[in-house]
Amino acid sequence: MRYGILGPLEVTRTGEAVTPTTPQQRTVLALLLANAGSWVSLSTIVDELWPSQTPRSARVIVQVAVSKLRKVLPANAIRTGPSGYLLTFDGSFAPSAEFDQSEFVAEARRGRELMGAGRLGPARELLAAALGRWRGDALCDVVRGPVLDGHARWLEELRLSTVDSRVRIDLALGRCQDVIAELTVLLARDPGQEVLAGSLMVALHQAGRSAETAEVVDRVAAFLDADPGPVLRRLVTDPSAWELPRTVVRTAQLPPAVPDFVGRHEIPRDGAFTVLCGPSGAGKTALAVRIAHDRRSDFPDGQLFAQLRGVETAEVLGSFLSSLGCEVPYGLLERQQLFRSVTADRRILVVLDDAACEAQVRPLLPGGARCAVLVTSRSRLSGLEGAVVAEVGELSPSDALALLSAVAGADRVAAEEESARELVRLCGHLPLAVRVAGAKLASTKYLLVRELVERIADERRRLAELKVGDLDVRAGVEIGYRSCDPVQRKLLRLLGWFDSVDLPEWAMTTLLGVDASAALAGLVEAQLVAVVGRDRLGQLRYRPHELIRVFGYERLLAEEPSGDEALDRLLRSYLDVSVRADRKLPIGRFPVAPADKVADPAVVRRAEADPLGWRDAEAGMLHCLTRLAHRLGRWALAGRLAEVCTARPGDRRIEVIGLVSARHTGDRRAQAVSLCRLGDLHWDAHGRANRARVYYDMACRIFTGLDDQSGLGRALAARADIDVERGDIERAEVALADGLTMLRQVDDQTGQADVLRQLGALLADRGRPGEAIRCFEDSLRLARGLRDRRREAYAGKQLADVLRRNGEHGRAGALLESALAASVRLADRHWEAHVLRSLGELSDAEDPLTRALEMFQASGYEHASGYALRSLGEWHRRRGQDDRADALLRASLAVFEGIDDRRGRAYALLGLGQLRHHAGSPAEGRRAVRESIKLFKGLGFTGWQAEARRTLRLLTAV
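One structure accompanies this document, and this report is about it. (Residues numbered from 1 in each chain as written. Predicted model: local features only at pLDDT ≥ 70, side-chain atom pairs only at ≥ 80, totals over all residues. Heavy atoms only, no water.)

So, the overall build of the protein chain
So, point 1. Along the protein chain, the regular secondary structure elements total 45 helices and 15 strands.
So, point 2. Radius of gyration (C-alpha) of the protein chain: 45 Å, far over the 30 Å computed for a compact globule of 958 residues.
So, point 3. Projected onto its principal axes, the C-alpha coordinates of the protein chain cover approximately 135 × 80 × 55 Å.
So, point 4. Going through the 958 residues of the protein chain one by one, you find that 52% of them count as buried.
So, point 5. Taking all contacts inside the protein chain whose residues are at least 6 apart in sequence as the whole, residues at least 24 apart take part in 65%.
So, point 6. When the accessible surface of the protein chain is split by element, carbon and sulfur atoms take 50% of a total near 42500 Å².
So, point 7. Charge centroids of the protein chain, computed over 133 positive and 128 negative side chains, lie 5 Å from each other. (Helix = DSSP H or I, 4+ residues; strand = E, 2+ residues; numbered from the N terminus. Rg over C-alpha atoms; globule rule 2.2 N^0.38 Å. Buried < 20%, exposed > 50% of the residue type's maximum accessible area, 1.4 Å probe, protein only. Contact = heavy atoms within 4.5 Å. Areas by Shrake-Rupley, 256 points an atom, 1.4 Å probe, with all protein chains shown as cover. Lys, Arg positive; Asp, Glu negative; His and termini not counted. Charge placed at Lys NZ, Arg CZ, Asp CG, Glu CD.)

Have a look at this one:
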C-alpha cells in the first residue's frame, strides 16, 4: 500500500487507486495518517468530523466508517484498542517508506543536515526530492476539522522552510535565474512571505537587476500594511546581509593508499586510539593509510595526517589548525588548547606517522570523544593512556609471495615459484624488503628470480642489494640503530652472529659481559628485538628480525674487533651447561666428558633441574653455535658442542662437524665416537644399514687401535644391529657376547645394560625366549642398581614384549605401565611412543597405537613409524576392516622398502599375506607369506620363520 496526503488524499495498492470516496471515510483515514504511529481516540475523530454539533449516532458512524476502511486497506492495517484506533504500515507501528509525508520529512531533515555540514550538492538533491513529493496543497480534497487544519498548516510551513533551504543553496551555487522565476510565482500566491522575498532580492542582485529589489519590498509592505523587517529593507542596497550556506571543504590529508597492499587481516581496524608498532620496513605507514581510507566515511569532519620524525610539534599543530580553517595562535600551549576545542564536537581521524615517543603524540590528540587516532612508531609507546598497541611484524610467507607477485608480476613469480619463496625468505618477509626485491625484478626485464636470490644470499651484500630508488632497507634500520645507546648498539652487533635462532636473556648477558636486562628492554621497546615467547624452562626468548640481524652483523665486522672474545664466552658457557645437563640424562651410547665450569650457576641449576627441557629449549641455539664454532675454526669447542648437540632426523651436519673437528684436534677417540653417532643417525632414524655399517666399522678400527675396551664394546653392539639386518645372525650374537665381555672387564655397567637389552631382543627373534628374558632381567637389575630410571624403562618395555608373546600378559602389563609412567616423567617422547605401541599390542587397543604413530611421525623417525603403521594395520586386519588394514600395511611396507629394512618388510608381508587371502586373493596372499618366510630365514629369525610357516599351512588348508 502507498498513502499520500501531500496534495489530494491518495491510496494505491500495487499502482491501482483504492482511495475512499465518502467524506467521513476520507476524513477518518486522513486523521489516522496525520497521526501515523500514534493512537487516535474516538472522541478526537468525532470532534474532527463534527466540530460544532455532534449527532447522537456519531460513534456508530465512526465505527461504520472504520469498518469500510478496513475492507479497502490491508488486514490488520487499522487496529482497535482502549485508546481508540491506530494505523499500521505493513505490520509496523512506525511510518514507513509507503507514506509520502514520512518520505518528505526524512528527506527534508537530512537535506538540512547536509546543508549545515557544507555538503551543498547532496543537500540540494535531497531537498529537491523532498519538494518533488508534493502534488498540491496538503489534504486539499478532505473535509478538515481543527486537527487536520493544524496539520495541513504545519506541513505547508515545513514545505516553505524546505523551499527556503533549497533556494538558498541555489543562490550559493549561483543559480539566480531559476530562483527568480520560482520565487516570483510563490510570492504572487502569498506576498507576505518575507523569507522568500529576501531570497528573491538576493537573486535579483546576482542577476544584475538590483533596481527591482525595492519593488519587492513595496509589495510585501502593501500586503502586510506595515513596514517589513530591517533585514529586508537592508537587502535593497546590501545583499551580503542575507545569510547563504557555504560549501565546507573537508580536510582530507591522507596520502594515497598503496594499491598492492596485502595481508594484515589480523590487525584491529576499528579502535578509537591505536598504536601500530614494528620494525622499520614492516609497512606500518601503508597499513595506517589503508585503515584510514577504509574508515573515511566514519569521520566526515576530516582526516588529518602528519609525518612526525624531525618535525616540531608546534609546526604540526599549526598545520592541523590551518587546514581546519582556524587562525593559528603563536604559542604551543595555545595551539594545543585551540586544537582540542575545535575537535571537541567533530568527528575527525588523526593519523600520526613515525612517532618517536609519547611526548610527541600527546599534544596532537583531539578533544572529541567521536574522534579517532592512529599512530605508527618503531616503539610500542606503552605510556600512552588508552591506546591499544598492535604489533606489525613480518608478513606470512604466502602474503609476502603475494606482494612480490603484485610488484614484480604474477607470471614472473609463478614461473620461478621456489626461487621466489627463497627470495621472500631472504627478505625476512619484511614488506619493504620484498617490495624492493620486486621493484628490482620489475625494472630489470631479463633478471631471473634465482639470480637475484644468489646476489642477496650473501649476508655481507644483502642490505646493499635491497635498495632501489629512494627505497632503502638499510637506511630505515640505520635510524633505529643510531637512536640506541652504546650498550644497546653493542648487543645488536653481537646478535649478528646468530642466524635464525632465539636467545634467552642470560646468553646476552654472557655476550656483553654485563647485565643485559636494561639494554634488552630498550631494544624490545624500540622493536629492534622481538620477544618470541617462553621456552620449557620458563625463560623468555628473544630474536631480532632477520634483516636487523644482518645489519648487526655488518656493524659487528666493522666496529667490533673484540667480538670473538664475547663469542668464546658464550660457546664455553653453553658447553658447560649442556654437558652438566646431559650428565643428568643417562642416555646415549657414549658418556659425555666434563667441561670447564664457566657458566652462571643459576643457569646450570635450571638446566640440571630439567635437562630435557634444556635440550628442547636450546636445541636451535646449540645447532647454531656448533656450526658457528666450526665455521670460525674453533675446532675443540665445535667438537665438544657437536657431542652435546642432538642431531635432527635427516640432518647429519652436526655429526660431520664433530668428526671434522676431532680430526683437526687429533682426538682419535672423539673421531670414533663421531663415527658411531653418524652410524646411529643413519640406522636409528632412517634404517640405512649399509651406510651405518661403514661408520661402525671405522669406529671399531679406531677403538681397537686405542685399546679402548669400553668404546669397542659399545661400537660392536651398534654394529651387531647391522649384522642382524644383513642376516648374519650368528656374527651379531658373537659380537654382542664379545662386547658384553669387554664391558664387564672394565666394569662399564651402563654399557652392559644396553648390550644386554640388545642381546635379549636378538635371542627373542631367534626363538629363545627363556634366554632373552634372562638378558632383559639382568639389564633391568643393572639399571636399578645405577638408579637409571631411563634404562630401567627401556629394559622393562623390551622384557614386557617378550613376556606378552609368551602369554605372561599380567607381568607384561605391569612393566609397560611402569615404563610409560617413567617415560612421561622423564619427558622422553620417543620412548613413550615405543611403550604406547607395545601397550596397544598387549591390550589390543587402537588409541595407543594411533598416538604412537602420530608421535613417531611428528619426530621424523621413519624406522619407528614403519613399525607403528604395521601394528595399527594388524589391529584393523584382526577386526576384518580390510580396506583400512590394507592401506596401513602397504604404507608400512613402503617405509621398510624405502629404508631397506628386511626385518620390517618380513613383518609387513606376513600381515599383508593373511589380509590378501581373506580378501579373495589366495594366491597373492600365499606369495606374500612365502616372501616373509624367505626374509625371516635370511635374517635367522627362527621363531618368526616358524610362525610364518604355520600361517602358510593354514592358508593352504583353506
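Thoughts on the sheet that holds strand E10 (residues 388–391)
So, point 1. Spatially, the 5 strands line up as an open sheet ordered E7-E8-E9-E6-E10, and their pairing is parallel. Two strands in the sheet have a free side with no partner beyond their single neighbour: strand E7 (303–307) and E10. With direction set aside, neighbouring strand axes in the sheet form an average angle of 15 degrees.
So, point 2. Where E7 and strand E8 (residues 349–355) come together, 5 bridges link them in parallel fashion. Bridge pairing links Gln307 to Asp353 in E8.
So, point 3. Where helix H11 (residues 284–294) meets the sheet, its contacts fall on strand E6 (273–277), E7, E8 and strand E9 (372–377), and the angle it forms with E9 comes to roughly 165 degrees.
So, point 4. Against the sheet, helix H12 (residues 313–323) touches E7 and E8, its axis set at about 155 degrees to E7. (Pairing = 2+ DSSP bridges. Axes fitted to C-alpha atoms, helices over the stretch in contact; angles between N-to-C directions.)

Focus: unusual backbone geometry
So, point 1. Even without being glycine, Ser500 reaches a positive phi, approximately 60 degrees.
So, point 2. Relative to the helices and strands, Ser500 resides in the loop between helix H22 (486–495) and strand E13 (503–504).
So, point 3. Taking relative accessible area as the criterion, Ser500 reaches 42% and is therefore assigned partly exposed.
So, point 4. Residues other than glycine seldom take positive phi values, yet Arg787 does so here, at roughly 55 degrees.

Some remarks on the packing of helix H17 (residues 417–426) against helix H19 (residues 449–457)
So, point 1. Two elements in contact, H17 and H19, have axes separated by 9 Å at closest approach and are oriented at 30 degrees. What the angle tells us is that H17 and H19 run roughly parallel. Note that H17 runs across H19; the crossing there is left-handed. Contacts between H17 and H19 involve Ser419, Ala420, Glu422, Leu423 and Leu426 from the first element and Val449, Arg450, Leu452, Val453, Ile456 and Ala457 from the second.
So, point 2. When its residues are assigned to classes, the contact of H17 with H19 shows 8 nonpolar, 1 polar and 2 charged. (Parallel < 35°, antiparallel > 145°, perpendicular 65-115°, else oblique. Left-handed = near helix turned anticlockwise from the far one by under 90°. Nonpolar A, V, L, I, M, F, W, Y, C, P; charged D, E, K, R; others polar.)

Notes on helix H41 (residues 862–878)
So, point 1. When the terminal C-alpha atoms of H41 are compared, their 25 Å separation across 17 residues agrees well with the 24 Å that a helix rising 1.5 Å per residue should span.
So, point 2. Count one or two residues on from H41 and you reach Gly880, which has phi positive near 75 degrees. (Expected span 1.5 Å × (residues − 1).)

Re the side chain of Gln758
So, point 1. Within the element layout of this structure, Gln758 appears in helix H35 (residues 749–765).
So, point 2. With near-sequence residues (within four places) excluded, Gln758 lies in contact with Ala717, Ala718, Ala720, Asp721 and Leu736.

A look at the pattern of salt bridges
So, point 1. All chains considered together, the criterion is met by 77 salt bridges.
So, point 2. One salt bridge connects Asp723 with Arg731, and the closest N-O pair in it is separated by 4.0 Å.
So, point 3. On the accessibility criterion, Asp723 (1% relative accessible area) is buried.
So, point 4. When the shortest N-O distance is used, the salt bridge between Asp778 and Arg781 registers 2.8 Å. Pair noted here: Asp778 and Arg781 are both in helix H36 (residues 769–785), with a separation of 3 residues, about one helical turn.
So, point 5. For Asp778, a relative accessible area of 24% corresponds to the partly exposed category.
So, point 6. Connected through shared salt-bridge partners, Arg124, Arg166, Asp170, Arg175 and Glu182 make up one network. (Salt bridge = Lys/Arg side-chain N within 4 Å of Asp/Glu carboxyl O.)

Focus: the sheet that holds E13
Sheet strands line up and pair through hydrogen bonds in the backbone, either parallel or antiparallel.
So, point 1. An order of E13-E15-E14 is seen for the 3 strands of this open sheet, with the pairing classed as antiparallel. Bordering the open sheet on either side are E13 and strand E14 (529–534), each of which pairs with just one other strand.
So, point 2. Bridge count between E14 and strand E15 (residues 540–544): 5 bridges; the pairing is antiparallel. If you follow Arg534 over to E15, its bridge partner there is Leu540.
So, point 3. Here helix H24 (residues 517–525) sits on the sheet and contacts E14 and E15; the angle it forms with E14, its principal contact strand, is near 105 degrees.

Topic: the environment of Thr237
So, point 1. Mapped onto the secondary structure, Thr237 falls in the loop between helix H10 (230–234) and E6.
So, point 2. The exposure class assigned to Thr237 is exposed, which follows from its relative accessible area of 68%.
So, point 3. C-alpha of Thr237 to C-alpha of Met201: the two residues are 36 residues apart in sequence and 9.9 Å apart in space.

Description of the environment of Leu799
So, point 1. Inspection of the secondary structure assignment puts Leu799 in helix H37 (residues 789–805).
So, point 2. By relative accessible area, which is 0% here, Leu799 ends up buried.
So, point 3. A sequence separation of 579 residues divides Leu799 from Val220, and the C-alpha atoms of the two residues are 118 Å apart.
So, point 4. Ignoring any residue separated from it by four or fewer positions in sequence, one finds Leu799 in contact with Ile773, Phe776, Glu777, Leu780, Arg811 and Leu815.

A closer look at the nonpolar core
So, point 1. Among the nonpolar cores identified, the biggest contains 108 residues, and Leu276, Leu423, Phe498, Tyr574 and Trp614 are the most heavily contacted of them.
So, point 2. With 9 residues, helix H26 (residues 563–582) is the largest single contributor of residues to this core.
So, point 3. Not counting chain neighbours up to four residues away, the residues in contact with Leu276 comprise Ile267, Lys284, Leu287, Ala288, Ile291, Leu374, Val375, Thr376, Ser377, Ala390 and Val392.
So, point 4. Of all hydrophobic cores here, the second largest spans 74 residues; its members include Ala735, Leu815, Val929 and Trp944. (Core = buried A, V, L, I, M, F, W, Y, C linked by side-chain atoms within 4.5 Å.)

Section: the side chain of Asp901
So, point 1. Its location among the elements puts Asp901 in the loop between helix H42 (882–898) and helix H43 (902–918).
So, point 2. Look at Asp901: it is buried, it has no salt bridge, and the nearest opposite charge is Arg903 at 5.0 Å.
So, point 3. Polar contacts involving the side chain of Asp901 include one to the main-chain amide nitrogen of Arg903, which spans 3.1 Å.
So, point 4. Not counting chain neighbours up to four residues away, the residues in contact with Asp901 comprise Glu725, His863, Tyr867 and Phe896. (Polar contact = N/O pair within 3.5 Å; in protein donor to acceptor, adjacent residues only side chain to side chain.)

Considering the environment of Leu204
So, point 1. Relative to the helices and strands, Leu204 is located in helix H8 (residues 194–206).
So, point 2. Separated by 25 residues in the primary sequence, Leu204 and Val179 place their C-alpha atoms 9.1 Å from one another.
So, point 3. The residues touching Leu204, leaving out its near neighbours within four places in the chain, are Ile180, Arg209, Ser210, Glu212, Thr213 and Val216.

Structural notes on the packing of aromatic side chains
So, point 1. Overall, the coordinates contain 16 aromatic pairs when judged by the stated rule.
So, point 2. With 5.6 Å between their ring centres and 90 degrees between their planes, Phe104 and Trp134 make a pair best called edge-to-face. Within this pair, whereas Phe104 is found in helix H4 (residues 100–116), its partner Trp134 is found in the loop between helix H5 (120–131) and helix H6 (146–172), the two being separated by 30 residues in sequence. Here the two residues Phe104 and Trp134 agree in accessibility, since each one is buried.
So, point 3. Ring geometry for Phe590 versus Phe703: centroids 5.6 Å apart, planes at 25 degrees, classification stacked. Of this pair, Phe590 sits in the loop between H26 and helix H27 (601–609) while Phe703 is found in helix H32 (residues 689–706), placing the two residues 113 residues apart along the sequence.
So, point 4. On the basis of relative accessible area, Phe703 is assigned to the buried category, the value being 0%.
So, point 5. One cation-aromatic arrangement involves Arg489 over Tyr481; the distance from NZ or CZ to the ring centre is 6.0 Å. (Phe/Tyr/Trp six-rings, centres within 6.5 Å; stacked < 30°, edge-to-face > 60°. Lys NZ or Arg CZ within 6 Å of the ring centre and 35° of its normal.)

Taken by themselves, the reported measurements are silent on function.
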